[in-house]
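Reading the structure
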Amino acid sequence: MFQKILVGYDGSKGGKAALERAAVAAKYYNAHLTALWVRQPLPQHADLPGESEGETEAAADYFEERKREVAELAKQQGIEIACESRAGHAAKVIVNFAKDGGYDLIVVGHSDHSELWGRLLGDTADRISDHAHCSVLIVKQ
Amino acid sequence: MTENIWFVAAIWMGLAFIASLISIRVGISVALIEIVVGVAAGNIHFAGGQHILQTTDWVNFLAMLGSGVLTFLAGAEIDPVSLRANIRASMAIGIAAFLLPFAGVWLFAQFVLGWPIHQAQIAGIALSTTSVAVVYAVMIETRQSETALGKMILAACFINDLGTVLALGLIFANFNLWLLVFVIVTCVMLWFMPKWTELIVVRMGATRVSEPEIKFIFFVLFFLGGLASTAKSEAVLPAYLIGLVVAGVFLRDKTLVHRMRSIAFAVFTPFYFIRAGSFVSLPALWTALGVIAVLLALKIITKFIGVLPLSRMFFLRTREANYTTLLMSTGLTFGTISALFGLQNKIIDQKQYSILVTVVILSALVPTFIAQRFYEPSRRTMVAWGRLYQRKINGKSTKTIQPIGK
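Here, residues in each chain are numbered from 1, in the same order as that chain's written sequence. Whichever chain is written first is A, and whichever ligand is written first is 1; the rest continue in order. Confidence filtering applies because this is a predicted model: local features only for residues at pLDDT of at least 70, side-chain atom pairs given and counted only at 80 or more, and all residues used for totals across whole chains, interfaces and linings.

Quick look at the overall build of chain B
Helix and strand assignments come from DSSP, with helices taken as H or I runs of at least 4 residues and strands as E runs of at least 2, each series counted from the N terminus. Of regular secondary structure, chain B possesses 19 helices and zero strands. For chain B, the spread of C-alpha atoms along the three principal axes comes to 70 × 55 × 50 Å. Residue burial in chain B is summarised as follows: out of 406 residues, 49% are buried. In chain B, 80% of the contacts between residues at least 6 apart in sequence involve partners at least 24 apart. Working definition of burial: number of other C-beta atoms within 10 Å of the residue's own, with buried at 20 or more, exposed at 12 or fewer, and partly exposed in between, all C-beta atoms being placed from the backbone. C-beta atoms are placed from the backbone for every residue, and two residues are taken to be in contact when these atoms lie within 7 Å.

Considerations on the interface of chain B and chain A
Chain B puts 27 residues into the contact, and the matching count from chain A is 16 residues. Put simply, the parts of the chain that give the side of chain B that touches chain A at least two residues each are helix H2 (30-42), helix H3 (57-76), helix H7 (132-140), helix H13 (254-278) and helix H18 (350-374) of chain B. Element by element, the count of residues in the side of chain B that touches chain A is highest for H7(B), at five residues. Residue composition of the side of chain B that touches chain A, grouped by class: 17 nonpolar, seven polar and three charged. Polarity classes work like this: nonpolar for Ala, Val, Leu, Ile, Met, Phe, Trp, Tyr, Cys and Pro, charged for Asp, Glu, Lys and Arg, and polar for all others, with Gly in that last group.

Examining the sheet that holds strand S4 (residues 105-109) of chain A
All names here are of chain A. Strands were regarded as paired on the criterion that DSSP finds at least two bridges between them. An order of S3-S2-S1-S4-S5 is seen for the five strands of this open sheet, with the pairing classed as parallel. Unpaired on one side and paired on the other, strand S3 (81-87) and strand S5 (135-139) mark the two borders of the sheet. Sheet twist, expressed as the mean angle between neighbouring strand axes with direction ignored, is 25°. The pairing of strand S1 (residues 4-8) with S4 spans three bridges and is classified as parallel. Pairing of Leu6 across the sheet is with Ile106, part of S4. Axis geometry follows a simple rule: fit a line to the C-alpha atoms, using only the stretch in contact for helices, then measure angles between N-to-C directions, giving values from 0 to 180 degrees. Helix H2 (residues 51-77) rests against strand S2 (32-39) and S3 of the sheet, and its axis sits at about 160° to S3.

A word on the nonpolar core
Core analysis: the biggest nonpolar cluster contains 131 residues, and B:Ala123, B:Val135, B:Ala156, B:Tyr240, B:Ile242, B:Ala339 and B:Leu356 have the highest contact counts within it. With 13 residues, helix H8 (residues 148-171) of chain B is the single largest residue contributor to this core. Apart from residues no more than four positions distant in its own chain, B:Val135 is found in contact with B:Thr130, B:Ile153, B:Leu154, B:Cys157, B:Leu327 and B:Thr330. Buried Ala, Val, Leu, Ile, Met, Phe, Trp, Tyr and Cys residues whose C-beta atoms connect them within 7 Å together make up a nonpolar core. Of all hydrophobic cores here, the second largest spans 32 residues; its members include A:Ala18, A:Leu33, A:Leu105 and A:Val107.

Here's the deal with the pairing of S2(A)
All names here are of chain A. A large share of S2 lies buried, amounting to six of its eight residues. The sheet contact formed by S1 and S2 spans five bridges and is parallel. Each residue of the ladder has a partner; that of Lys4, found in S2, is His32. Here a crossover is taken to be right-handed if, once the strands point away from the viewer, the path from the first strand over the helix to the second is traced clockwise. On the question of chirality, the crossover connecting S1 to the parallel S2 by way of helix H1 (residues 13-29) is right-handed.

A short note on the pairing of S3(A)
Residues and elements named next belong to chain A. In the sheet, S2 pairs with S3 via seven bridges, with the strands oriented parallel. For Arg39, the partnering residue across the bridge sits in S3 and is Ala87. Handedness of the crossover is the feature at issue here: the chain leaves S2, passes through H2, returns alongside S3, and the resulting connection is right-handed.

Examining helix H15 (residues 289-313) of chain B
Residue and element names in this part refer to chain B. To estimate the expected span of a helix, subtract one from its residue number and multiply by 1.5 Å. The first and last C-alpha atoms of H15 sit 36 Å apart over 25 residues, in line with the 36 Å expected at 1.5 Å per residue. To get the bend at any residue, fit one axis to the seven residues that end at it and another to the seven that begin at it, then take the angle between the two axes. Within H15, the axis deviates most sharply at Phe304, by approximately 30°. For H15, the complete set of buried residues consists of Leu295, Leu296, Leu298, Lys299, Ile300, Thr302, Lys303, Gly306, Val307, Leu308, Leu310 and Ser311. Residues of H15 that are buried sit in contact with helix H5 (87-111), helix H16 (318-327) and H18. Of the residues flanking the end of H15, it is Phe315, one or two places downstream, whose phi is positive at about 70°.

Details of the packing of H8(B) against helix H17 (residues 333-344) of chain B
In a pair of packed helices, the angle between the axes and the distance between the axes together describe the arrangement. Residue and element names in this part refer to chain B. With their axes 11 Å apart at the nearest point, H8 and H17 run at an angle of 10° to one another. Of the possible angle classes, the one that applies to H8 and H17 is roughly parallel. In contact with Asp161, Thr164 and Leu168 of H8, H17 contributes Phe334, Ser338 and Phe341. Looking at the contact of H8 with H17 residue by residue, the class counts come to three nonpolar, two polar and one charged. Angular relationships are summarised with four words: roughly parallel below 35 degrees, roughly antiparallel beyond 145, roughly perpendicular across 65 to 115, and oblique for the angles in between.

Brief notes about unusual backbone geometry
Residue and element names in this part refer to chain B. With phi around 60°, Lys232 is a residue other than glycine that occupies positive phi space. Its location among the elements puts Lys232 in the loop between helix H10 (212-230) and helix H11 (236-245). According to the C-beta neighbour criterion, Lys232 is partly exposed, with 16 such atoms within 10 Å.

Some points on the confidence of the model for chain B
As a note on interpretation, predicted positions should not be read in detail where pLDDT is low. All names here are of chain B. Per-residue confidence from the predictor is reported as pLDDT, a score between 0 and 100. Overall, the predicted model of chain B reaches an average pLDDT of 89, with 96% of residues at or above 70. Per-element confidence in chain B is highest for helix H6 (residues 117-126), whose mean pLDDT is 97, and lowest for helix H4 (residues 80-85), whose mean pLDDT is 82. Counted against residues more than four places away or in other chains, residues 397-406, with its pLDDT under 50, gives 14 contacts. We note a pTM of 0.85 for the whole complex and an ipTM of 0.71 for its interfaces.

A word on the packing of H1(A) against H2(A)
All names here are of chain A. As a packed pair, H1 and H2 sit with axes 11 Å apart at the nearest point and diverge in direction by 40°. Our classification of the angle between H1 and H2 gives oblique. Read as a crossing pair, H1 and H2 show a hand that is right-handed. Packed against H1, whose contacting residues are Leu19, Glu20, Ala23 and Lys27, the element H2 presents Val70, Leu73 and Gln77 at the interface. Partitioning the contact of H1 with H2 into residue classes produces four nonpolar, one polar and two charged. Take the far helix as the reference: if the near one is turned anticlockwise from it by less than a right angle, the crossing is left-handed, and if turned clockwise, right-handed.

As structure tokens, this is what we get:
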């Protein structure tokens, strides 16, 4: 049913639940699975020496840790999981990445925001389900 | 409560913490947010007219260390290999990017705004700056900073800021015996610092928890700062120069850089930026909006007059030349340091300081926005410029060469 699955993974509790569910689905459907981490863009107008460089290095280290976690899960499930990283607004990047890459399922975790926060600002999962070209699975913990 | 040293420190650190949170949330540099938080805090009073922010001697000392260490780290950011690779273009563009705005703003402030000569000179110095960090931040996301053109622009920014610190350190100095002593001792230290720093790092620095290499650098900065202030010069001058000469050591020892940054950005620089913002008078700004707009325009126009023709001469196409010029029109730290030097030494008044700092803040925002929105070149073009430049420089004379694509 699904051939290409994209999971948004940021290392959070919700992200881990989504990654685990996506791995199970990928194994079941024999689908290609990609884990995507969307990092915040670097600070604008950075004027401290090394500020941008430091943020870039920290982001690279964080991504390496996520890659290790993804590789561990892939090994447990006996599947392959590709890892990608992009900078920008999480929902927008995930939606565009899925569309450009021809993915047919997006899996994301549900955030822990309060109902009030969610109503006021919405959350990433809501935005993705509103704008994605394909099916979206929102995993609750 | 406001006289208790712990509460005073808590207010300053609380503001620094709030600035960090805002910075992370909105994705804008913490330095800029700290200045804005400082402006807000500096313009809020208690019912009795007392300021929320208490400026004490120790706050001034920490802020002073902030500007010194910031300048040192800015100098230490340079990659000596990149500087040498495009030295002719970087030197020419960097010198023009300093001289034209310095002279243009100085003359405008003196003869059009009617500011006395020293006040006009402070205006010229404060608006002659650029910002390596702001330029680097613009280029790093698209990996332009790794290209030949990116490296040339960054090196030109270093030369530009060197002109600014030299002007700040020498124009207002007392030309007496102390200045001579300061110059001689600084030259000796500049000569030996790379070797000494390397020696300390290799022998002790890598493994010692007591951080002797950082203490050594602070010792040298404080000592030369003392000599500079005795000669009525500016402590940022030796700090920037020492940073430049030890840049090679810093490039090899990333741990040392990280430790110094952690100390500086957590403890010193928040005091500097918040304090710099707190002296800005909002009521004074409302009456000077026209002057602010004109000075900002003048800074950008004089940068264009200085940088654009030289960029074209060094084989940049119109798009890349405009991009280079706009990036060199940025500024923040050195602009605020120059304006604060003027205010602390009673050369300029608070209204002039407020005007200059506002122009400096706007120069961190406006040129980068225009550059990224309208003139951002492709990475391929920026890489190709390096090949073209080396071919032309190592081959024919620059006089007969036309810019690429034209």
